Amino acid sequence: MSTSFENYQRRKLISSYFSVVLSIALVLFLLGILGLLVLNTKKMADRSKEQITISVFLKESAKEVEVEQLQKTLAMSDYTKSATYVSKEEAAAQHSQEIGEDFVDYLGYNPLKNSIDVKLNADFVTAEKVTEIADELAEKSYVDEVSYDKVLVSMVAKSVEKIGFWILVASGIFTFIAVLLINSSIRLSIYSKRFIIKTMQMVGATKTFIRRPFIWQNVKLGMLGALLALMAIGAVIYYVNTNFQDLGLLEEPSIMIILLVGVFLLGILISLVSTYFATQRFLNLRTDELYY
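Worth saying up front: this structure is predicted, and the values here are computed from it rather than measured.

A. Seen up close, the overall build of the protein. Scanning the protein from N- to C-terminus turns up nine helices and four strands. Across the protein, helices and strands are ordered from the amino to the carboxyl terminus as α-β-α-β-α-α-β-α-β-α-α-α-α. The buried share among the 292 residues of the protein stands at 35%. Restricting to contacts in the protein with at least 6 residues of sequence separation, those with at least 24 account for 83%.

Next comes the structure, spelled out in structure tokens:
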């Protein structure tokens, strides 16, 4: 009879531990995927910004040394991702390819100008900064015109701000829900041992002594759940990186490592804090309140 009861208790304990580990693993997996989404949303937004081009058109009278100096200055500027010189012959050939006919032969001359195409670093792609850069370049005596798509710059900047804001809000809400779910699982696990906690307290055990094994046990469960979540996240990263290489998930491995370590530490932290407050609650209950 006692053996049957012990087996029942053991199965109940294993089931309780399993539910805690599973809930922690699922929540941390979803948090990790959300973090992955946040990182890659920023990366994709930065790539979109860095496709915007400022075209610096040069006067026919511009000297070669002036053009070279301007290109070197632009290449060394903090705001520049790339600065490419495009001769009017190259521009004409590219334009002819786009429209499907040689417009130079039709017109009898090449109306295009030599230019330098400047792609900006993402941090500098705002309406104010791009206007400031364009005005600065336009002041040079050998620059004929500075052209860029003002509407596109404003639209991209505003869209990125909105997306970033809502992702931040979603991250905050989801993190809060994740903490509540893990906390509920751990609290239910400790609830089943509330009488043991009160018995130990009644025979003189200190709160720290009673709390320590519960914290250690649930931290280990949190670590196990975090490891399962990391394995699942790793599988997702491998799949996405294999099938969608343009996303460049592993271009910056340090960021990916920080994300994975953050998920692991978050599992430990939530388990520790939740266990502390759950045990504290039952330690502060009166004996007659344990039955409610």
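Here the narrative resumes, following the displayed structure.
B. Expanded view of the pairing of strand 1 (residues 53–58). Judged from the five bridges that link them, strand 1 and strand 3 (residues 115–120) form a sheet pairing that is antiparallel. Following the sheet pairing, Thr53 is matched in strand 3 by Lys119. The pairing of strand 1 with strand 4 (residues 143–147) spans four bridges and is classified as antiparallel. Within the sheet, the bridge partner assigned to Val56 lies in strand 4 and is Val146.

C. Focus on the packing of aromatic side chains. Using the criterion set out here, one finds two aromatic pairs in the structure. Where Tyr276 meets Phe277, the ring centres are 5.3 Å apart and the plane angle is 90°; that geometry is what we call edge-to-face. A relative accessible area of 34% means that Tyr276 is categorised as partly exposed. Over the ring of Phe124 we find Lys129, and its NZ or CZ is 5.3 Å from the ring centre.

D. How the structure looks around helix 2 (residues 64–76). Given a rise of 1.5 Å per residue, 13 residues ought to cover 18 Å, and the 19 Å separating the end C-alpha atoms of helix 2 matches this to within 8%. Buried residues of helix 2: Val67, Leu70 and Leu74, and no others. The buried side chains of helix 2 occupy one side of the element, clustering within an arc of 65° when seen end-on. Seen from the open side of helix 2, the exposed residues pointing more than 90 degrees away from its buried face are Glu64, Val65, Lys72, Ala75 and Met76. Residues of helix 2 that are buried in the fold lie against strand 1, strand 2 (80–86), strand 3, helix 5 (127–138) and strand 4.

E. Fine view of the pattern of salt bridges. All told, the structure shown has one salt bridge when counted by the stated rule. We note a salt bridge from Glu50 to Lys81, for which the minimum N-O separation is 3.6 Å. Of the two residues, Glu50 is situated in the loop between helix 1 (2–49) and strand 1 and Lys81 in strand 2; the sequence distance between them amounts to 31 residues. Residue Lys81 is classed as partly exposed on the basis of its relative accessible area of 49%.

F. Geometry of helix 6 (residues 150–191). Helix length check: helix 6, at 42 residues, gives a terminal C-alpha distance of 61 Å against a target of 62 Å (1.5 Å per residue), a fit within 8%. Val153, Val156, Ala157, Ile167, Ser171, Ala178, Ile182, Asn183, Ser185, Ile186, Ser189 and Ile190 are the residues of helix 6 that are buried.

G. Quick peek at a negative patch on the surface. Negative charge collects at one region of the surface, where Glu132, Asp135, Glu136 and Glu139 lie side by side. As for its position among the elements, Glu132 is in helix 5.

H. Structural detail: the nonpolar core. Grouped together as the largest cluster of nonpolar side chains are 27 residues, with contacts concentrated most on Leu28, Ile182, Ile190, Ile197, Ile210 and Val263. Elements that contribute at least two residues to this core include exactly helix 1, helix 6, helix 8 (207–243) and helix 9 (253–283). It is helix 8 that provides the largest number of residues to this core, a total of eight residues. Sequence-distant contacts of Ile210, defined by excluding residues within four places in its chain, comprise Ile197, Met200, Gln201, Ala205 and Leu283.

Cut-offs used in this document
- Residues numbered from 1 in each chain as written.
- Predicted model: local features only at pLDDT ≥ 70, side-chain atom pairs only at ≥ 80, totals over all residues.
- Heavy atoms only, no water.
- Helix = DSSP H or I, 4+ residues; strand = E, 2+ residues; numbered from the N terminus.
- Buried < 20%, exposed > 50% of the residue type's maximum accessible area, 1.4 Å probe, protein only.
- Contact = heavy atoms within 4.5 Å.
- Pairing = 2+ DSSP bridges.
- Phe/Tyr/Trp six-rings, centres within 6.5 Å; stacked < 30°, edge-to-face > 60°.
- Lys NZ or Arg CZ within 6 Å of the ring centre and 35° of its normal.
- Expected span 1.5 Å × (residues − 1).
- Arc of directions from axis to C-beta.
- Salt bridge = Lys/Arg side-chain N within 4 Å of Asp/Glu carboxyl O.
- Patch = residues over 30% accessible without salt bridge, like charges linked within 9 Å, V, L, I, M, F, W, Y side chains within 5 Å.
- Areas by Shrake-Rupley, 256 points an atom, 1.4 Å probe, with all protein chains shown as cover.
- Lys, Arg positive; Asp, Glu negative; His and termini not counted.
- Charge placed at Lys NZ, Arg CZ, Asp CG, Glu CD.
- Core = buried A, V, L, I, M, F, W, Y, C linked by side-chain atoms within 4.5 Å.

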